[in-house]
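# Coordinates in review
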Amino acid sequence: MSSQTSTKAALITGSTSGIGLAIAEAFAANGYGVVLNGLGDTDDIKAICTRLTTTYKVDVIYHPANMMKPDEIADMMALAQNLFGRLDVLVNNAGVQFVAPVEEFPPEKWDQIIAINLSSAFHTIRLAIPGMADRKWGRIINIASAHGLVASPFKSAYVAAKHGIVGLTKTIALEHARDGVTCNAICPGYVLTGLVQAQIPDQAKSRGISEEDVIQNVLLAAQPTKQFVTVDQVASFALYLASDAAAQINGAILTIDGGWTAQ
Ligand code: NAD
């Protein structure tokens, strides 16, 4: 990549698919250099980088850090800040789900979900903050969930992690309110990505109902609009939070859930 230290840079964890990829594309389309991260097929990820670079004429780099591994996260954060000379926007988006009654919930799945959905954000934030505070400008956007505000059965680890990231968001917002750094959480309702599609069979099994019943009567039952949120709607929200217009939105836990948590 060319050295573009004057270009704003955004790092989005878990941006090889779903919501993260839509957010990465929105930032690239708005002139940001982008650091992609996440799991996936190497050729597919290369193709995403090439497509974003050629379409939007911005530098796009990929780092394969596993969000369960603090040393790999540290390597990613250092590489991003060295290559771009700065990190203006950090979006903590990587997340996984596992659905089972608590008495059957595998302890290793609990540890994995807490590591990826919660602890990884602590590690990225602690390493992004010094540069943001020095430059007196930064945006930290945590992709929480409606499950950061309310619970559903069979999702003990996910709901605990998402409630945790809501608390982390508020704490960081207070610690750096005088530094031009904001920290907010977006709480989407159901978005039809791989993460949701993958849990439909497990939900059907846990509840003893058909997969179609899970979509209509479990997932969309929670959303008064009876429509899924789209990845582009979440990406537009993130882009707005990164704008100067959003400078006074700080420590906010913002829903985009079709009215789910209004009930
Ligand atoms: P997704 O499965 O499409 O994307 C998850 C991303 O995280 C992928 O890029 C994946 O490779 C990455 N990832 C998973 N494990 C990782 C690891 N160990 N290290 C690095 N990256 C890893 O799912 P999504 O629906 O786009 O989810 C993105 C975020 O949005 C998650 O935090 C999720 O909890 C949250 N969310 C999703 C919904 C929804 O309905 N889809 C609703 C609310 C919140």
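Residues numbered from 1 in each chain as written. Predicted model: local features only at pLDDT ≥ 70, side-chain atom pairs only at ≥ 80, totals over all residues. Heavy atoms only, no water.

## A closer look at the domain arrangement of the chain
In many reports, interface size means the accessible area that the parts give up when they come together. Here the domain parsing of the chain yields domain 1 (9–190 + 230–256) and domain 2 (192–228). A separation of 24 Å is found between the C-alpha centroids of domain 1 and domain 2. In this complex, domain 1 contributes 16 residues to the contact, which on the side of domain 2 involves 12 residues. Taken together, both faces of the contact between domain 1 and domain 2 bury some 1100 Å²; the carbon and sulfur share is 64%. Interface area lost by domain 1 to domain 2 is led by Val99, Phe154 and Tyr190, which between them contribute 58%. (Domains from an automatic or database assignment. Contact = heavy atoms within 4.5 Å. Buried area = accessible area lost by both parts, 1.4 Å probe.)

## What to know about the site of the ligand
In the neighbourhood of the ligand, 29 residues make up the surrounding shell, with Leu39, Asn93, Tyr158, Val191 and Thr193 lying closest. At a separation of 2.9 Å, a nitrogen atom of the ligand approaches a polar backbone atom of Met67. Here Tyr158 contributes a side-chain N or O atom positioned 2.5 Å from an oxygen atom of the ligand. When isolated, the ligand has an accessible area of 820 Å², and the protein chains bury 93% of it. Counting only elements with at least two residues in the shell around the ligand, the list comes to α1 (18–29), α5 (156–175) and α6 (194–207). Here the shell around the ligand is composed, by residue class, of 15 nonpolar, 13 polar and 1 charged. (Near = heavy atom within 4 Å. Polar contact = N/O pair within 3.5 Å; in protein donor to acceptor, adjacent residues only side chain to side chain. Areas by Shrake-Rupley, 256 points an atom, 1.4 Å probe, with all protein chains shown as cover. Helix = DSSP H or I, 4+ residues; strand = E, 2+ residues; numbered from the N terminus. Nonpolar A, V, L, I, M, F, W, Y, C, P; charged D, E, K, R; others polar.)

## As for the sheet that holds strand β5 (residues 138–143)
The strand order across the open sheet formed by 7 strands is β3-β2-β1-β4-β5-β6-β7, and the pairing between neighbours is parallel. With partners counted over all chains shown, the strands left at the sheet margins are β3 (60–63) and β7 (253–256), one partner each. Sheet twist, expressed as the average angle between the axes of neighbouring strands with direction ignored, equals 20 degrees. Where strand β1 (residues 9–12) lies against strand β4 (residues 89–92), 3 bridges are found, and the strand directions are parallel. Of the residues in β4, the one forming a bridge with Leu11 is Leu90. Running over the sheet, α5 touches β5, β6 (181–188) and β7 and is turned about 160 degrees from β6. (Pairing = 2+ DSSP bridges. Axes fitted to C-alpha atoms, helices over the stretch in contact; angles between N-to-C directions.)

## A closer look at the packing of aromatic side chains
Taken as a whole and judged by the stated rule, the model has 3 aromatic pairs. Relative to Trp260, the ring of Tyr190 lies with its centre 5.1 Å away and its plane at 10 degrees, an arrangement referred to as stacked. Of this pair, Tyr190 sits in the loop between β6 and α6 while Trp260 sits in the segment after β7, and the two are 70 residues apart along the sequence. Classification of Tyr190 as buried rests on a relative accessible area of 6%. With relative accessibility at 9%, the residue Trp260 sits in the buried group. Looking at Lys8, its charged tip hangs above the ring of Trp137, at a distance of 3.8 Å from the centre. One cation-aromatic arrangement involves Arg139 over Trp137; the distance from NZ or CZ to the ring centre is 4.3 Å. (Phe/Tyr/Trp six-rings, centres within 6.5 Å; stacked < 30°, edge-to-face > 60°. Buried < 20%, exposed > 50% of the residue type's maximum accessible area, 1.4 Å probe, protein only. Lys NZ or Arg CZ within 6 Å of the ring centre and 35° of its normal.)

## Observations regarding the confidence of the model for the chain
Low pLDDT marks regions whose predicted coordinates should not be analysed in detail. Considering every residue of the chain, the mean pLDDT works out to 95; 98% of them sit at 70 or more. Taken element by element, the chain is modelled with least confidence in α6, mean pLDDT 88, and with most confidence in β5, mean pLDDT 99. (pLDDT = per-residue confidence, 0-100.)

## Thoughts on the pairing of strand β2 (residues 33–37)
In regular strands, side chains alternate between the two faces of the sheet. Counting buried positions over the 5 residues of β2 gives 5, a clear majority of the element. Residues Gly33, Val35 and Asn37 point to one face of β2 and Val34 and Leu36 to the other, with burial holding for every one of them. Each parallel crossover has a hand, and the one from β1 via α1 to β2 is right-handed. Relative to β3, β2 runs parallel, the two sharing 4 bridges. Directly across from Val35, in β3, lies its bridge partner Ile61. Following the chain from β2 across helix α2 (residues 42–56) to the adjacent parallel β3, one finds a crossover that is right-handed. (Right-handed = clockwise from strand over helix to strand, strands pointing away.)

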